[in-house]
Amino acid sequence: MTTLTTERLTMRPISPSDAPALFEARRDPEGMRDGEGQEQTSIRQVESIISDHQSYVDNGEVIWWSVELKADGRTIGECDLSEIDNHHRRAELGFMFNRAYWGNGYAFEAASAAIHHAFLAIGLERLWARTHAGNEASCRLLERLGFSLEGRLREHIIRDGKRRDCLIYGRM
């Protein structure tokens, strides 16, 4: 899997050794508020998630990066291309960052690199992303990245015992 670099970030293949840093973001109720799963309760849980996804990475269905600051090597988040479909030349873009690093443009920078990689290196022609209705920050980010709102999946997921709508964004 390819390592990507930007002005301030290194995006390298995720590994179990990233679990402690990723746990910092994944245990935060506020940071996970708009995630599909509940916040994680242990580093071991994050290690299991990484391990459980390894077969998808190995067979090319997922590219999952740990996002590090170039300045100090600190892991601040994750970015991925999932559901990669080479026949239809499409994939889903995802990202999650430690809340301590929100508002610094890191998600935009990492997602831009992933988009560039998807279109130019892999040859994909369409990307899509999903976010919870009401997650205005992610909606703004996706629009800044050139995505357009394509639709709403009504009551698509259950979070905290309640059904929630998801918004679908796409980019060609």
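In case you missed it, the structure is sitting above this.
Residues numbered from 1 in each chain as written. Predicted model: local features only at pLDDT ≥ 70, side-chain atom pairs only at ≥ 80, totals over all residues. Heavy atoms only, no water.

Enquirer: Help me understand the overall build of the chain, please; the structure alone is not making it clear to me.
Expert: Per the secondary structure count, the chain includes five helices and eight strands. Starting at the N terminus, the α and β elements of the chain follow one another as β-β-α-α-α-β-β-β-α-β-α-β-β. Here the C-alpha atoms of the chain give a radius of gyration of 15 Å, agreeing with the 16 Å that 2.2 N^0.38 yields for 172 residues. Taken over the C-alpha atoms alone, the chain extends approximately 40 × 40 × 30 Å along its principal axes. Each of the 172 residues in the chain was classed as buried or not, and the buried ones make up 45%. In the chain, which carries 22 positive and 27 negative side-chain charges, the distance between the mean positions of the two groups comes to 4 Å. (Helix = DSSP H or I, 4+ residues; strand = E, 2+ residues; numbered from the N terminus. Rg over C-alpha atoms; globule rule 2.2 N^0.38 Å. Buried < 20%, exposed > 50% of the residue type's maximum accessible area, 1.4 Å probe, protein only. Lys, Arg positive; Asp, Glu negative; His and termini not counted. Charge placed at Lys NZ, Arg CZ, Asp CG, Glu CD.)

Enquirer: Looking at this structure, I do not really get the sheet that holds strand 3 (residues 63-69). What am I missing?
Expert: Across a sheet, strands are paired by hydrogen bonds formed along the backbone, either parallel or antiparallel in direction. The eight strands lie next to each other as 1-2-3-4-5-6-8-7, forming an open sheet whose pairing is mixed. Looking along the sheet, the strands with just one partner apiece sit at the ends: strand 1 (4-5) and strand 7 (148-159). Running over the sheet, helix 1 (residues 19-26) touches strand 3, strand 4 (75-85) and strand 5 (90-97) and is turned about 90° from strand 4. (Pairing = 2+ DSSP bridges. Contact = heavy atoms within 4.5 Å. Axes fitted to C-alpha atoms, helices over the stretch in contact; angles between N-to-C directions.)

Enquirer: So what exactly am I meant to see when it comes to the packing of aromatic side chains here?
Expert: Scanning all chains against the criterion turns up one aromatic pair. A cation over a ring is seen here: R144 above F108, with NZ or CZ 4.2 Å from the ring centre. (Phe/Tyr/Trp six-rings, centres within 6.5 Å; stacked < 30°, edge-to-face > 60°. Lys NZ or Arg CZ within 6 Å of the ring centre and 35° of its normal.)

Enquirer: Please explain the pairing of strand 4 as it appears in this structure.
Expert: For a regular strand, the rule is simple: side chains alternate between the two faces of the sheet. Within strand 4, ten of the eleven residues are buried, which leaves the element mostly enclosed by the surrounding structure. Pairing of strand 3 with strand 4, which is carried by six bridges, proceeds in the antiparallel orientation. Paired with S66 across the bridge in strand 4 is E78. Bridging between strand 4 and strand 5 involves seven bridges; their strand directions are antiparallel. Bridge pairing links C79 to F95 in strand 5. The hairpin turn running from strand 4 into strand 5, its antiparallel successor, is four residues long, and R89 in that turn takes a positive phi close to 50°.

Enquirer: What should I look at first to understand helix 5 (residues 136-144) in this one?
Expert: Every α-helix carries 3.6 residues per turn, so stepping three or four residues along brings you back to the same face. Along helix 5, the positions that sit buried rather than exposed are S138, C139, L141 and L142. Down the axis of helix 5, the buried side of the element spans an arc of 165°, and every buried residue falls inside it. Exposed side of helix 5, more than 90 degrees from the buried face: R140 and R144 are the residues found there. Turning to helix 5, the residues buried within the fold contact strand 5, helix 4 (106-122), strand 6 (126-132) and strand 8 (162-171). Backbone geometry just after helix 5 places G146 at a positive phi near 95°. (Arc of directions from axis to C-beta.)

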